[in-house]
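# Residue-level structure breakdown
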Amino acid sequence: MATLPFPEAAPLLAILVSIAAIPLIVLSGSKPNLREFWTFLAGFIKLGLVLSMAGYILAGNTYTYELCKVLPGLSLKLTVDGFGMLFALVASTLWIVTSMYSIGYMRGLDEHAQTRYYSFFALALSATIGVAFSGNLLTMYLFYELLSLSTYPLVTHHQDQEARTGGRKYLTYLLSTSIGLALPAMLVTYALAGTLDFNVHGIFPAETAKSTLVILLIMFLYGFAKAGIMPFHSWLPGAMVAPTPVSALLHAVAVVKVGVFSIGRILTGIFGIDLLSTASLNVIVCVIAGFTVIVSSLIALSQDNLKRRLAFSTVGQLSYIILGIGLASQLGVIGGMSHIAMHAFGKITLFFCAGAIFVATGKKYISEMKGIGRRMPFTMAAFFVGALSVIGLPPGGGLITKLQMASGAMQADLLFVLVIYLVSSLLNAAYFFPIVYNAFFCTEEEAMFDKKVAEAPMLCVLPPVITAAISVGLFFFPGLFVDFARLMVTGL
Amino acid sequence: MIKEQLPILILAVPLLASFAITLFARKSKIAAFALLVGAMGMSFVFAIGVMRQILDTGRVIHYHIGNWQPPFGIELVIDHLNAMVLVLVSGAAFLTAIYSKNTVPAEVPYRFPGEEVPERVPNYYTLYALLVTGLLGIVATGDAFNMFVLLEISALSSYALLALGGGRAYFATFKYLIVGTIGACFYLLGVGYLYIKTGSLNMPDLKVILTSPALAESPTVMIAFMLIITGIWIKMAFFPLHGWLPNAYTYASTTTSCLVAPLMTKVSVYMMIRLMFSVFSAHYIFDRLGWQNGVVWLAAAAILFGSISALGQTNLKRMLCYIIVAEVGYMVGGVWLANADGLIGATYHILSDAMMTLCLFMAVGAVIYKTGDASLYAMRGIFRKMPVTSVVFVIGALAMIGIPPTCGFFSKWYLVSGAIEARHWGFAVALLISSLINAVIFFRIIEIGYFPLFDEQEGEGGHHAHDRAVIAEAPFSMLLPMVLTALSLIAIGLYSNEIITGLVGRTIPAGLL
């Protein structure tokens, strides 16, 4: 066996490093600077570990690290492949940026219980990387549940009535679907296939009845409610009561993308895209996800609370990704998987900007933001770029992947999906551009902010600018993520 | 040399300790406590020794008491199944003994508030040791009548222990005494019928005799089985025979609940498995009698009833008691699914459920000890006041809900797989619904613990104010066993494959594979 360019336990270490930081964070709770230093240290080590494996994976290898055997024929194991690598890279990069932003936001607002906040944030990141590197469905389920639980204290951070309601809704939706739908579906799958290890050719035996497959597919799609497929989406707007950095990382990136990632894994690794297209299961996925795309975009149009509008936009974009992977055509899968990265950078920029506006002005509603661009030009410029990427216009990275997905729809010969993509992009533009337009194009009299209002603290402005710049960078160099996604369809 | 005597030492040490406490430690609480902990620790070590022997040799241990040969003498028969249960019972009793250091002197001496009767503490420890002796004996013995004797030893000492809770405990225990005695009578009657038909009381011997076709047809044997199984169901509080349990366990003192609630029901489940497959046989019960469908439906009803009743409770202990009723349904249903996965799940659940229940009762006991309140609202602000206890509680709760990698997930996994294999969808759905209800129950409590009081919040000026933590954690003697129990929940989960292939799976009767 060739020597590995990274330590043997690298995937495990990448997961554990942020858990290891928790005691340090708690112990240095009274010294905020030292406490945040641990977060950053863990963040960079995590990113380093992930990157150390990137080259090896890019060369076409996959790496498996077995933890322990828990059931006959089923162990907890970690596998690093293109898809997992792509997601781990996105999550670990954005953790660092978000930590930077958290400092600006949490200190700017003088929030309580910051130690608890950073501790659970670190735990949530462990779970996210765990999902990315899961080698089978059981391991993924384990980390998926860990993520639901570790983000609960973050969602309910404010500990007031609104947070309580939001948190309750959050857990009700996530736990009831995962226990009520995903778990039994997993058990049935195990009973049918005798394994839960991901395999690009699918794991179901050829004689499995189609009706069984359809039922399982639907149970899995709704069972991983973090992906926000309607009607199991409403925890997401509810969870917007969380502090903005939480919404940004967890609800535009980690949590929701874990849902999409899990469904992507199940579609490509449990069913296998061959089975999806030969048994026409992809039509079911497309109808369910397509419905969500259109309806959520329509709802987003009517939201006045900026974070809620972004939340509904996220719901739509998540189903967009599922739609891409669910097409079960090569281009669709590549586009869908890499759209996880594109959307992550774009959407986190938007959330960062929403938070920066809140820190600087205390405003949450779009109707109160007329003229904001004149006072906070950097923030709103970043917002504009982020919006371009999410809509899929140049020079945003989202364009590349949206094009791929649209071509994937033609490849799969499902033209109605193409229509969904186009209509949805129009709707995206319709709910984002008015915000940007009103922010910049108004007379001095119409502006709702007086001259005193200025940009939020440096640490709140820099992160969105960075992520916006990356979004543009991805337009020119999409290969960074697309190559990883391409690994998942070679040889099929 | 001593290695051969280990099986009897497991029982003898706690028995002798109960005498020693009465004789030598009547005046000193500390001496009584030390004797108890020492005896429980030794018993635990011996139980592990026996399990090691069985794992190393792979052979069943037959120990003839007084060297009287079976079927006339009493013998202890220890195989993989009861070796595991012995370790469980002695381990849980050991942990609870440590836990008792502060709670027993605080609760037990007071028959009525203010009226201290100091000798109640050594008496309590005597009964504790006797109860554990009885439980260990039930698990180790290979003799059906001997099992009855030990069942009564443990039952009688448990009546006394439960009644020491004072107040309403007297009445609740009296009810339990009546019902428990009826259960024991059923069992005795059943064993009597078997003795009439077979002339034997030794379990391996009975099994051989009962295979004869004439006896398999005999209505007497069938009635004996019915009586025995009903007796055991009463003892384990299987729905609808559960009425005595919630009150008896709720009003008991903290340590008593921690000892009795996890172990008594689990040992009864063990008795059921032992008698079903080591005296009767899978073939006789599932093929000839064929009641499994009805019993599994009853188990599903038990699960739903227990879970829904638990949802309606505002007293923490009573809520846990109803969860026990539901969990008994898990295990009975698993056994009666009549396939290997179901039985593995049920047997593994004996281990995991005992530890989960222990964990939760200990955490709740610590809260009651510190706050003096047993209602849900005792949990208010618990995350700041008692951080360690609340983490233990959360781990126990996650195991009850069945979140991996805690042990509760894996027992549920096997039980649901068994239900799928038996095509018993009702039971599978009941298990999942119960998980969901547990999630509601426990997250409601976690929410109460996590969010501050509203009036308190307004009084202190919004959410920026509650950074002032007042930590009032339980004493170390309570925290240590609690934390060990919580860690064991995760360990049992992660090593589930080893436990199942090494211990649980070795005793699946041939008819079920």
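Residues numbered from 1 in each chain as written. Chains lettered and ligands numbered in written order. Predicted model: local features only at pLDDT ≥ 70, side-chain atom pairs only at ≥ 80, totals over all residues.

### What to know about the overall build of chain B
Selection criterion: Only runs of H or I of at least four residues qualify as helices and only runs of E of at least two qualify as strands under DSSP, and these elements are numbered from the N terminus. Values of the radius of gyration come from C-alpha atoms, whereas the globule rule sets the reference at 2.2 Å times the count of residues to the power 0.38. Two residues qualify as being in contact provided that their C-beta atoms, derived from the backbone, are within 7 Å of each other.
Counting its regular elements, chain B contains 22 helices and four strands. Relative to its length of 513 residues, chain B is compact, with a C-alpha radius of gyration of 22 Å against a globular reference of 24 Å. Summarising the internal contacts of chain B: among those between residues at least 6 apart in sequence, 78% fall at separations of at least 24.

### Digging into the overall build of chain A
What counts is decided by this rule: A residue is called partly exposed when the number of other C-beta atoms within 10 Å of its own lies between 12 and 20, exposed at 12 or fewer, and buried at 20 or more, with C-beta atoms placed from the backbone.
Within chain A, the secondary structure is distributed over 19 helices and two strands. For 492 residues, the compact-globule estimate of 2.2 N^0.38 gives 23 Å, and the C-alpha radius of gyration of chain A, at 21 Å, lies within 12% of that figure. Along the longest, intermediate and shortest principal axes, the C-alpha atoms of chain A span 70 × 55 × 45 Å. Each of the 492 residues in chain A was classed as buried or not, and the buried ones make up 62%. Contacts in chain A between residues far apart in sequence, at least 24 positions, make up 81% of those at least 6 positions apart.

### Quick look at the interface of chain B and chain A
To be explicit about the condition: Following the grouping adopted for this structure description, the nonpolar residues are Ala, Val, Leu, Ile, Met, Phe, Trp, Tyr, Cys and Pro, the charged ones are Asp, Glu, Lys and Arg, and the polar ones are all others, Gly among them.
Contacts between chain B and chain A engage 25 residues on the former and 25 residues on the latter. Listing elements by their share of the side of chain B that touches chain A, those giving two or more residues are α18 (407–421), α19 (425–450) and α22 (496–502) of chain B. The leading source of residues in the side of chain B that touches chain A is α19 of chain B, at eight residues. Residues that form the side of chain B that touches chain A fall into these classes: 16 nonpolar, seven polar and two charged.

### A closer look at helix α12 (residues 306–326) of chain A
Residues spaced three or four apart along an α-helix point in a common direction, a consequence of the helix completing one turn every 3.6 residues. Residue and element names in this part refer to chain A. Just so we agree on the cut-off: Multiplying 1.5 Å by the helix residue count minus one yields the expected span of that helix.
In this model, α12 (21 residues) spans 30 Å end to end at C-alpha, consistent with the 30 Å of a helix rising 1.5 Å per residue. Within α12, 21 of the 21 residues are buried, which leaves the element mostly enclosed by the surrounding structure. Following α12 by one or two positions, A328 has its phi on the positive side, about 60 degrees.

### Quick word on unusual backbone geometry
Both trends apply: most residues other than glycine have a negative phi, and most peptide bonds are in trans. Looking along the chain, the bond that leaves P394 of chain A and enters P395 of chain A is cis, with omega of 0 degrees. By the secondary structure assignment, P395 of chain A is in the loop between α15 (377–391) and α16 (398–411). Each neighbour pair has its own omega, and for P404 of chain B with P405 of chain B the value is 0 degrees, a cis peptide bond. Tracing the sequence through the fold places P405 of chain B in the loop between α17 (387–401) and α18. The backbone of A237 of chain B shows a phi angle near 65 degrees, a positive value even though the residue is not glycine. For A237 of chain B, the position within the fold is in the loop between α9 (219–236) and α10 (245–250).

### Looking at the confidence of the model for chain B
Test applied: On a scale of 0 to 100, pLDDT captures the predictor's confidence in every residue.
Looking at chain B as a whole, its pLDDT mean stands at 87, while 96% of the residues score no less than 70. Here residues 457–467 of chain B is modelled with pLDDT under 50, and outside its nearest four sequence neighbours on either side it reaches 14 contacts, counting other chains as well.

### A few points about the packing of helix α5 (residues 137–155) of chain A against helix α6 (residues 161–193) of chain A
All names here are of chain A. The line we're drawing: Each axis is a line fitted through C-alpha atoms, taken for helices only over the stretch in contact, and angles between the N-to-C directions span 0 to 180 degrees. Each angle gets one of four labels, with under 35 degrees taken as roughly parallel, over 145 as roughly antiparallel, 65 to 115 as roughly perpendicular, and the rest as oblique.
Between α5 and α6, the shortest axis-to-axis distance is 10 Å and the interhelical angle comes to 170 degrees. Classified by the angle their axes make, α5 and α6 are roughly antiparallel. Note on element contacts: α6 touches α5 through G166, G167, Y170, L171, L174, L175, S178, A182 and M186, opposite L137, Y141, Y144, E145, S148, Y152 and V155. Its residues assigned to classes, the contact of α5 with α6 comprises eleven nonpolar, four polar and one charged.

### Examining the pairing of strand β2 (residues 74–80) of chain A
Residue and element names in this part refer to chain A. We apply this condition: Pairing between two strands requires that DSSP report at least two bridges joining them.
For β2, the buried fraction is high: five of the seven residues fall into the buried class. As defined by bridge partners, strand β1 (residues 63–71) adjoins β2 across seven bridges and the pair is classed as antiparallel. Bridge pairing in β2 places E66 opposite K77. Here β1 folds back onto β2 in antiparallel fashion, the turn holding two residues, of which G73 has a positive phi close to 75 degrees.

### Side note on helix α2 (residues 32–58) of chain A
All names here are of chain A. In this model, α2 (27 residues) spans 39 Å end to end at C-alpha, consistent with the 39 Å of a helix rising 1.5 Å per residue. Buried within α2 are the following residues: R35, E36, W38, T39, A42, G43, K46, L49, V50, M53 and I57. On its buried face, α2 is in contact with α1 (10–27), β1, β2, α3 (82–108) and α4 (114–132). Downstream of α2 by one or two residues, G60 has phi in the positive range, about 100 degrees.

### Structural notes on the pairing of strand β2 (residues 75–78) of chain B
Residues and elements named next belong to chain B. Here β2 shows two buried faces, one formed by E75 and V77 and the other by L76 and I78. Pairing of strand β1 (residues 61–64) with β2 involves four bridges; the strand directions are antiparallel. Following the sheet pairing, I61 is matched in β2 by I78.

### A look at the environment of K307 of chain A
All names here are of chain A. Counting through the fold element by element, K307 comes out in helix α12. Once the C-alpha coordinates of K307 and E111 are considered, the two residues, 196 residues apart in sequence, prove to be 19 Å apart. When neighbours within four sequence positions are excluded, K307 is seen to be in contact with M240, S247, A354 and K364.

### Quick word on the packing of helix α4 (residues 120–140) of chain B against helix α11 (residues 254–278) of chain B
For any two helices packed against each other, one specifies the inter-axial angle together with the distance between the axes. Residues and elements named next belong to chain B. Our working rule: The handedness criterion is simple: a crossing whose near helix is rotated anticlockwise from the far helix by less than a right angle is left-handed, and one whose near helix is rotated clockwise is right-handed.
For the pair α4 and α11, the least separation of the axes is 10 Å and the interaxial angle reads 20 degrees. In terms of orientation, α4 and α11 fall into the roughly parallel class. Note on packing geometry: the crossing formed by α4 with α11 is left-handed. For the pair α4 and α11, contact is made by Y128, L131, L135, I138 and V139 and by L259, L263, V267, Y270 and M271, respectively. When grouped by side-chain class, the residues that make up the contact of α4 with α11 number ten nonpolar, no polar and no charged.

### Considerations on the environment of M337 of chain A
Residue and element names in this part refer to chain A. Among the structural elements, M337 can be located in helix α13 (residues 330–361). Residue class for M337 comes out buried when judged on the 30 C-beta atoms lying within 10 Å of it. Spatially, the C-alpha atom of M337 lies 8.7 Å from that of F481, the residues being 144 residues apart in sequence. Residues in contact with M337, not counting those within four places in the same chain, are F83, L86, G264, I325, A485 and M488.

### Structural notes on the nonpolar core
So the rule is basically this: Note on terminology: a nonpolar core is a set of buried residues of type Ala, Val, Leu, Ile, Met, Phe, Trp, Tyr or Cys, with members joined through C-beta atoms within 7 Å.
One finds L86 of chain A together with L36 of chain B to be the most contacted residues of the largest nonpolar core, which totals 400 residues. At 20 residues, α13 of chain A tops the list of elements feeding residues into this core. Beyond its immediate stretch of four places on either side in the chain, L86 of chain A contacts M337, S338, I340, A341, F481, F484 and A485 of chain A.

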